[in-house]
Amino acid sequence: MISSLISRISSAFLALGGLLLLFGPDEILPRVVPGFPASASWLGQLIAAGWLALAVLNWVSRASLLGGIYGRPVVLAKALFYFIGATTLSRVVSANPQVLALWVITVPIMLLAGVYAWLLFRGPIGRDFARARGEQ
């Protein structure tokens, strides 16, 4: 199913980012935010908790039919997270286009925001319905 592939990609992205922020915020945050104080690395771990929670949500919903009215709370949560992340990061990247770490985070978040908005408003494709019924 397409929604399963999307959930797996989203889960991998969030889990990787969450684990990096959980165990290495004092290394990562100063690269993303120049001048970030080392004493505030707890903020990265707090962000990691949210990212890891969404990664788990993605992983447990990977076999579900998502889109439109199917799995709406799950899709809405992911769409909202990625949309807010994309709008926030696009403003930050436009002010600091030379920071490569920002682009590495921003591009996947923008892509996933578009994909989850598509799933939210369009719904699953016919192939997903066929596979969910076991026809494929």
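Being a predicted model, the structure only gives us computed values, none of them experimental.

Geometry of a packed helix pair, given as the angle between the helix axes and the separation of the axes. Across the interface, helix 1 (residues 2-23) lies against helix 3 (residues 42-60) with an axial gap of 8 Å and an inter-helix angle of 155 degrees. Taken as axis vectors, helix 1 and helix 3 run roughly antiparallel relative to one another. Pair helix 1 / helix 3 crosses with left-handed handedness. Counting all contacts with helix 1, which are made through S7, R8, S10, S11, F13, L14, A15, G17, G18, L19, L21 and L22, the residues of helix 3 involved are G44, Q45, I47, A48, W51, L52, L54, A55, N58 and W59.

A surface patch of nonpolar side chains, amounting to about 500 Å² of accessible area, comprises L100, W103, V104, V107 and L111. Assignment of secondary structure puts V104 in helix 5 (residues 100-122).

Here the focus is the pattern of salt bridges. Enumeration according to the criterion identifies one salt bridge in this entry. Across the pair R31 and E27 runs a salt bridge whose closest N-O atoms are separated by 3.9 Å. Of this pair, R31 and E27 are both found in helix 2 (residues 25-32), four residues apart, which corresponds to roughly one turn of the helix.

On to the nonpolar core. Residues F13, L14, V75, Y82, L102, I109 and Y116 are the most contacted members of the largest nonpolar core, which totals 23 residues. At the level of elements, helix 1, helix 3, helix 4 (72-95) and helix 5 are the ones that each hand at least two residues to this core. Other than its neighbours up to four places away in sequence, L14 contacts W51, L54, A55, N58, F81 and Y82. Grouped together as the second largest cluster of nonpolar side chains are five residues, L29, F36, A40 and A48 included.

It is worth spelling out the confidence of the model for the chain at this point. Chain-level pLDDT for the chain is 87 on average; 90% of the residues reach the 70-or-more range. Per-element confidence in the chain ranges from a low mean pLDDT of 63 for helix 6 (residues 126-132) to a high of 94 for helix 3.

The subject of this paragraph is the environment of G44. Within the secondary structure, G44 sits in helix 3. Considering only alpha carbons, one finds G44 and F23, 21 residues apart in sequence, at a separation of 9.2 Å. Not counting residues up to four positions away in its chain, the partners in contact with G44 are L21, P25 and L29.

Let us look at the layout of surface pockets. One simple way to see leftover space: roll a probe sized like a water molecule over the atoms. Estimates place the volume of the largest pocket at around 770 Å³. Lining the largest pocket are 28 residues, and of these L21, V32, W51, L89 and I105 lie nearest its centre. Mapped by element, the contributors of at least two residues to the lining of the largest pocket are helix 1, helix 2, helix 3, helix 4 and helix 5. A total of six residues in the lining of the largest pocket trace back to one element, the largest contributor, which is helix 4.

What follows covers the packing of aromatic side chains. A complete count under the given rule lists four aromatic pairs for this structure. Pairing F81 with Y82 gives two aromatic rings, centres 5.1 Å apart and planes at 70 degrees, and the pair type is edge-to-face. Between Y82 and Y116 the ring centres are 5.7 Å apart and the planes differ by 5 degrees, which places this aromatic pair in the stacked class. Of this pair, Y82 sits in helix 4 while Y116 sits in helix 5, placing them 34 residues apart in sequence. No difference in accessibility class separates Y82 from Y116, as the two residues are buried. Aromatic ring contacts, followed pair by pair, group F13, W51, F81, Y82 and Y116 into a single cluster. In this structure, R62 packs its charged tip against the face of W59, placed 4.0 Å from the ring centre.

Cut-offs used in this document
Residues numbered from 1 in each chain as written. Predicted model: local features only at pLDDT ≥ 70, side-chain atom pairs only at ≥ 80, totals over all residues. Heavy atoms only, no water. Axes fitted to C-alpha atoms, helices over the stretch in contact; angles between N-to-C directions. Helix = DSSP H or I, 4+ residues; strand = E, 2+ residues; numbered from the N terminus. Parallel < 35°, antiparallel > 145°, perpendicular 65-115°, else oblique. Left-handed = near helix turned anticlockwise from the far one by under 90°. Contact = heavy atoms within 4.5 Å. Patch = residues over 30% accessible without salt bridge, like charges linked within 9 Å, V, L, I, M, F, W, Y side chains within 5 Å. Areas by Shrake-Rupley, 256 points an atom, 1.4 Å probe, with all protein chains shown as cover. Salt bridge = Lys/Arg side-chain N within 4 Å of Asp/Glu carboxyl O. Core = buried A, V, L, I, M, F, W, Y, C linked by side-chain atoms within 4.5 Å. Buried < 20%, exposed > 50% of the residue type's maximum accessible area, 1.4 Å probe, protein only. pLDDT = per-residue confidence, 0-100. 1 Å grid on protein atoms, 1.4 Å probe; cavity = no way out; pocket = protein on both sides within 12 Å on 5 of 7 lines; lining within 4 Å. Points joined across faces, edges and corners; volume = space filled by probe spheres on them. Phe/Tyr/Trp six-rings, centres within 6.5 Å; stacked < 30°, edge-to-face > 60°. Lys NZ or Arg CZ within 6 Å of the ring centre and 35° of its normal.

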